[in-house]
Amino acid sequence: MKGILGRKLGMTQVFSEEGALIPVSVIEVKPNVVLQKKTIETDGYEAIQLGYEDVKEHRSNKPMIGHAKKANTGPKKFIKEVKGDEMMSLNVGDVIKADMFKAGDKVDVQGISRGHGFSGNIKRHGHHRQPETHGGSKNVRHIGSLATTGRNNGRIEKGTKMPGHFGHVTTTNQNLTVIKVDTTDNYILVKGNIPGPKKGLVVIHTTVKPVKEVPAVKLVSYASAEEIESKEE
C-alpha cells in the first residue's frame, strides 16, 4: 500500500476516446516530504509520516520547526502517517510526487466531510415527516415520541437517532479509479466524488479492496495539430 497527501479543488468532467463522459474530482498534489520514519524497533509499528504544504515559521511553533528541520524542510500545514510496505523504502527528507500513482490505479480517498451544523432528524438521518392530515400535529418535522420502547417506558435508549451536529467527520470513499496523473501541473483526476469541501485536505492511498488496478482510460487530447506534429517529429 502507498499513499500521498493532497487538496481537493473541485469536480469537472473529461471525455474518453470512445466518447464517454467521465465525472472526476480534481486533487492538487504538490510534492510531499517525508518528515519521519516510524519503525518497529523505535515505535512498535511501521509507517511513514508525510508533510504537505509549507507554513510560515512565525505561524508555527518551535517543536514543529525543529521536527521539520530534521528533514531539511520547513514546517508543514498537513501531516499524516501512511502505512504500507511500499512506503518503507523512503527515508527522512525524501520527496514524493503525484507520479506515485498512475492512470488505472484503484484508490481510497480520505477526508473530512462537509459540515452542516446542527441539523434535525429529517436531514441528519433521513427520517419521514409526521402525518399532515386527519387532525395531525402541525409540527410535522419534530422528532416525535422518544421514550416508548415498551420494556423501559420513560427512558431514552442509548443510540437513539436525534437532532445534533451533522457532518465534519472523517470519511473515506473507497474503490475509486485514477483517470489521469499530471506531474507538470501537480494534480490527479479521480473518477467520482471524494469527501470534503473545496480546498479540503485529503489522503489518497491504495484501495483496501482486492482489485488494485484496472486498464487505464484513454482520454481525448485537446492538443493543436501543430503540437501533435512537433511531438511526432
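Above this text sits the structure in question.
We now turn to the structure provided with this report. (Residues numbered from 1 in each chain as written. Predicted model: local features only at pLDDT ≥ 70, side-chain atom pairs only at ≥ 80, totals over all residues. Heavy atoms only, no water.)

This paragraph deals with the pattern of salt bridges. In this structure the tally under the stated criterion is 7 salt bridges. A salt bridge links K76 to D54, with the nearest nitrogen and oxygen atoms 2.3 Å apart. Of the two residues, K76 sits in strand 5 (residues 76-82) while D54 sits in strand 4 (residues 47-54), which places them 22 residues apart along the sequence. According to the relative accessible area criterion, K76 is buried, its value standing at 12%. Look at D54 and you get exposed, because its relative accessible area is 59%. When salt bridges with common partners are traced through the structure, they connect K102, D105 and E213 into a single cluster. (Salt bridge = Lys/Arg side-chain N within 4 Å of Asp/Glu carboxyl O. Helix = DSSP H or I, 4+ residues; strand = E, 2+ residues; numbered from the N terminus. Buried < 20%, exposed > 50% of the residue type's maximum accessible area, 1.4 Å probe, protein only.)

Here we come to the side chain of N121. Relative to the helices and strands, N121 resides in helix 3 (residues 121-125). Within the structure, N121 has its side chain in polar contact with the side chain of H127 (distance 3.0 Å). When sequence neighbours within four positions are dropped, the list of residues in contact with N121 reads G126, H127, I143, K161, M162 and P163. (Polar contact = N/O pair within 3.5 Å; in protein donor to acceptor, adjacent residues only side chain to side chain. Contact = heavy atoms within 4.5 Å.)

With that out of the way, let us pick up the nonpolar core. Ranked by size, the top nonpolar core spans 27 residues in total, and within it L50, M87, V107, I188 and I204 carry the most contacts. Of all elements in the fold, only strand 1 (3-15), strand 4, strand 5, strand 7 (106-112), strand 10 (170-182), strand 11 (187-191) and strand 12 (201-206) reach the threshold of two or more residues within this core. In contact with M87, not counting residues within four places along its chain, are M1, K2, G3, I48, L50, V82, I96 and M100. Judged by nonpolar contacts, the second largest core, of 7 residues, contains I22, V24, I179 and L189. (Core = buried A, V, L, I, M, F, W, Y, C linked by side-chain atoms within 4.5 Å.)

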